[in-house]
Amino acid sequence: MATAVGEHGVELEIGGMTCASCAARIEKKLNRMEGVTATVNYATEKAQVTVAGDSGVEAADLIATVERTGYTAALPRPPAPAPDTTGGDGAPADGRTDADGLAPLRQRLLISLALSVPVVLMAMVPPLQFTNWQWLSLTLAAPVVAYGAWPFHRAAWTNLRHGSATMDTLISMGTLAALGWSVWALFFGTAGMPGMTHPFELTIARTDGSGSIYLEAAAGVTTFILAGRYFEARAKRKAGAALRALLELGAKDVTVVRDGREVRVPIAALRTGDRFTVRPGEKIATDGKVLEGASAVDASMLTGESVPVEVSPGDTVTGATVNAGGRLVVEATRVGADTQLARMARLVEDAQNGKAAAQRLADRISAVFVPAVIVLALGTLGYWLATGAGAVAAFTAAVAVLIIACPCALGLATPTALMVGTGRGAQLGILLKGPEVLESTRRVDTVVLDKTGTVTTGVMTLTGVHVAEGVTEREVLRLAGALEHASEHPVARAVAAGAAQRTGDGDTGALPAAEEFANVPGLGVRGVVEGHAVLVGRAQLLKESDQFLPPELAAAKAAAEAEGRTAVTVGWDGAARAVLVVSDAVKPTSAEAVRRLRDLGLTPVLLTGDNRAVATAVAAEVGIDEVIAEVLPEDKVAVVERLQSEGRSVAMVGDGVNDAAALARADLGLAMGTGTDAAIEAGDLTLVRGDLRAAADAIRLARATLGTIRTNLFWAFGYNVAALPLAAAGLLNPMIAGAAMAFSSVFVVGNSLRLRRFRAQTR
């Protein structure tokens, strides 16, 4: 059955790639198809393909093109649900350990290492060269070149049949040439004579080729490159560990309430709208809304937030978090690929599959690098022969060119750093949507902060209580909180919640009951609490009952309103007794976050639709000097564009639907993960936690990742530029060239893995 490719494209799993040149070749073939845009990533072994809607290209056509190119392709296999996916030691239940995917490569490496070490030692240490040692060397080296280097020979043959050359072509040609020359010297030259010695030299001696063998080069190069491939593969698995950890966070089964009975079913059977129970200590199966029960939810494994979040009926919960308190009944609102956990995993994988501008450059260079090196090797061979240096010197120099030029480090420079950086970011609750983001983080000099939900909590909170003489705060809060608890108004809910918290009752259910409750539209509420006739609302409501604010309360009300806060008056038994101040409270970490952003060289700007008094008060509290207030949602984009027109590179941090366009327009968009889907989709970076400090950590991590990529590319380019002339000049033994080439790849991988030590700033 044909599978059509929709407007969002398709992902293919690519097999058979051995280097960045392979990825570049597949990408080139796919992009030649009508209406197809493809990106192939060697590190993740995946292709992201989008197809124009009117092209008629199907997934089978894409797979066929890849296979004609000499590689394998397949659509991703859906994960098979299993009630118990782990054994007692945390390994997969099918018995396959995490490292088993590396077993064939590790076996090939260990066998080659055991056989090649004696060959190298005998060639390098003259006292070990006993009579006829060269024949033992051939016996040991031949299996290394035949078996150990077989993947390179097979790939080279495949490429040759398709009229192309890759890094494997270089390796295969170099090792076979070294072995072939040695066999000729042993059987047809003088190298097979008893008593032959082979001094180890770093430079090329112009001697008779018939008396020289290069088995140590053939075996040593093969083993060095296998070692590099093995450590590269290990690095790729480690770099993808964060994504696997995200996918493994979720619950494996769930207790669903159906027809009044609780039934345990696999998580794959859960549907939107299902009601399910979560007992203390269990993982919440999927994103949902609490219907019954109250508990504390530990979301640390998902968000990094160490303090459990209290939830009660009406609150939303996220799949994969842990119920740390009482029993909950939850209605599933998102399942499968729609959950926050799945979206996080998708963001991580998309970021790892993408390519930065630097990597696209590296891929283009790799595509032309191999043919150029082959031409250079042939030119080197011809030059040395033409100058009369002898076949040995000419052959050795040509082989050194083939081996030293292998672009392993070049191909791995960007993807390994991206994979490790994005994986580490996911562990810290920082999700990079794409690698092109890295370039933006280097340039930004201005950060625009949305106020509501970003710098502030976005929830109305009781922030001040002013009482008249002879009245206690507890008395005011008990009476006002009880009456407001019966109202659904956001300000009323803030007063009720604040009253319950400040009086120590714990929750609003412990407040006294209100009787004869009545809502006065536009003014407030009235009712009877513990025998007192209570009024809560605007000052006008109290005035109508001849309850006037004394001077000290009137001053408190005026001061609150001057700062843009909401003042709620409270009176009972014929007298005004208190003024309650309600506002959108500043997050306790926002001031520190602003300081950290300044330390990164960014100028913070507060952007909000609220009135200027509110914005100025919030800005002063967190340390922001530049305020842009009273901005309509559609005008936020214009503000970003204006700042850009002034020559600034702008980062935008927001969480709401009204921030989405500005996030997309900014040079760098940072979306709060606690915000709306629209904002998250529009942003370049997603901060899973609602903590603004994560914005500074995200920029630090992105800059560190970009710095690592640049270091890797510098090493890879510098290495090839410096080494090729030396090899062509005959100054590098092929074995030393192979060791240096393998070390460059190990260096790039090791440099990238340093990003795993990145830590969120604590001070």
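Residues numbered from 1 in each chain as written. Predicted model: local features only at pLDDT ≥ 70, side-chain atom pairs only at ≥ 80, totals over all residues. Heavy atoms only, no water.

Asks: Looking at this structure, how should I read the UniProt feature "transmembrane region" (unreviewed entry) in the protein chain?
Replies: Mapped onto the present numbering, the UniProt feature "transmembrane region" (unreviewed entry) falls at residues 109–127, 133–150, 170–193, 213–231, 365–386, 392–414, 713–729 and 735–753. Between the C-alpha atoms that bound residues 133–150 there is a distance of 25 Å. The span itself is 94% helix and 0% strand. Structurally, residues 170–193 is divided into 79% helix and 0% strand, and its ends, taken at the C-alpha atoms, are 31 Å apart. (UniProt positions renumbered as here; feature names shortened; annotations may be inferred. Helix = DSSP H or I, 4+ residues; strand = E, 2+ residues; numbered from the N terminus.)

Asks: Looking at this structure, I do not really get the packing of aromatic side chains. What am I missing?
Replies: Remark: the centre distance and the inter-plane angle together describe each pair of aromatic rings, the angle taken between the planes. Tallying each qualifying case throughout the model produces two aromatic pairs. Look at tryptophan 181 and tryptophan 184: their rings are 6.0 Å apart centre to centre, the planes differ by 50°, and that puts the pair in the tilted class. In this pair, tryptophan 181 and tryptophan 184 are both assigned in helix H6 (residues 167–188), three residues apart and thus about one turn of the helix distant. Under the relative-accessibility criterion, tryptophan 184 is labelled partly exposed at 42%. (Phe/Tyr/Trp six-rings, centres within 6.5 Å; stacked < 30°, edge-to-face > 60°. Buried < 20%, exposed > 50% of the residue type's maximum accessible area, 1.4 Å probe, protein only.)

Asks: Teacher, can you tell me more about the pattern of salt bridges here?
Replies: Side-chain pairing between opposite charges can occur once the charged atoms of the two side chains come close. As enumerated under the stated definition, the model contains 22 salt bridges in all. Between arginine 327 and glutamate 262 there is a salt bridge; the shortest N-O distance is 2.6 Å. Linking arginine 327 in the loop between strand E12 (322–323) and strand E13 (328–334) with glutamate 262 in strand E6 (residues 261–266), this pair joins segments that are 65 residues apart in sequence. With a relative accessible area of 36%, glutamate 262 lands in the partly exposed category. (Salt bridge = Lys/Arg side-chain N within 4 Å of Asp/Glu carboxyl O.)

Asks: For this particular structure, what's the right way to read the sheet that holds E12?
Replies: Strand pairs in the sheet, formed through backbone hydrogen bonds, run parallel or antiparallel to each other. In spatial order, the strands read E10-E9-E12; together these three strands make up an open sheet with antiparallel pairing. Pairing within the sheet leaves two strands with one partner each, and these edge strands are strand E10 (309–311) and E12. Sheet analysis places strand E9 (residues 295–298) next to E10, joined by three bridges and oriented antiparallel. Residue pairing in the sheet places alanine 296 in a bridge with glutamate 310 of E10. (Pairing = 2+ DSSP bridges.)

Asks: Sorry, what's going on with the pairing of strand E5 (residues 253–258) here?
Replies: Strand residues, when the strand is regular, have side chains that alternate between the two faces of the sheet. Relative to E6, E5 runs antiparallel, the two being bridged by six bridges. Considered in E6, the bridge of valine 256 is made with valine 263. Hairpin connection from E5 to E6: two residues lie between these consecutive antiparallel strands, with aspartate 259 at a positive phi of about 55°.

Asks: Is there a simple way to think about the sheet that holds strand E19 (residues 532–537) in this case?
Replies: Read across the sheet, six strands follow the order E16-E21-E20-E19-E18-E17 without closing on themselves; strand pairing throughout is antiparallel. Each edge of the sheet is formed by a strand with only one pairing partner; in this case those strands are strand E16 (456–467) and strand E17 (514–520). Strand-to-strand twist in this sheet, taken as the mean axis angle between neighbours without regard to direction, amounts to 20°. Here E19 runs beside strand E20 (residues 566–572); their pairing, made up of four bridges, is antiparallel. When the bridges of E20 are listed, valine 534 appears paired with tryptophan 572. Sheet strands touched by helix H19 (residues 551–562): E16, E20 and strand E21 (575–586). Its angle to E21, the strand with the most contacts, is close to 20°. (Axes fitted to C-alpha atoms, helices over the stretch in contact; angles between N-to-C directions. Contact = heavy atoms within 4.5 Å.)

Asks: Would you mind going over the packing of helix H3 (residues 103–124) against helix H4 (residues 133–148) with me for this structure?
Replies: Relative placement of two packed helices is described by the angle separating their axes and the distance separating the axes. Between H3 and H4, whose axes approach to 9 Å, the crossing angle comes to 155°. By the angle between their directions, the pair H3 and H4 is classed as roughly antiparallel. Where H3 crosses over H4, the two elements pack in a sense that is left-handed. For the pair formed by H3 and H4, the contact residues are Gln107, Arg108, Ile111, Ser112, Leu115, Ser116, Pro118, Val119, Met122 and Ala123 on the first element and Trp133, Leu136, Ser137, Leu140, Ala141, Pro143, Val144, Tyr147 and Gly148 on the second. Partitioning the contact of H3 with H4 into residue classes produces 13 nonpolar, five polar and one charged. (Parallel < 35°, antiparallel > 145°, perpendicular 65-115°, else oblique. Left-handed = near helix turned anticlockwise from the far one by under 90°. Nonpolar A, V, L, I, M, F, W, Y, C, P; charged D, E, K, R; others polar.)

Asks: Could you clarify how one ought to interpret helix H16 (residues 473–484) in this entry?
Replies: Think of an α-helix as 3.6 residues a turn; residues three or four steps apart then line up on the same face. Here H16 is 12 residues long and its end C-alpha atoms lie 16 Å apart, about the 16 Å a rise of 1.5 Å per residue gives. In terms of burial, H16 is largely enclosed, as nine of its 12 residues are buried. (Expected span 1.5 Å × (residues − 1).)

Asks: Which parts of the structure should I look at to understand a nonpolar patch on the surface?
Replies: Among the surface-exposed residues, Leu110, Leu113, Val117, Leu121, Met124, Val125 and Leu128 lie close enough to one another that they form a single nonpolar patch of about 530 Å² accessible area. Looking at where leucine 128 falls in the secondary structure, it is placed in the loop between H3 and H4. (Patch = residues over 30% accessible without salt bridge, like charges linked within 9 Å, V, L, I, M, F, W, Y side chains within 5 Å. Areas by Shrake-Rupley, 256 points an atom, 1.4 Å probe, with all protein chains shown as cover.)

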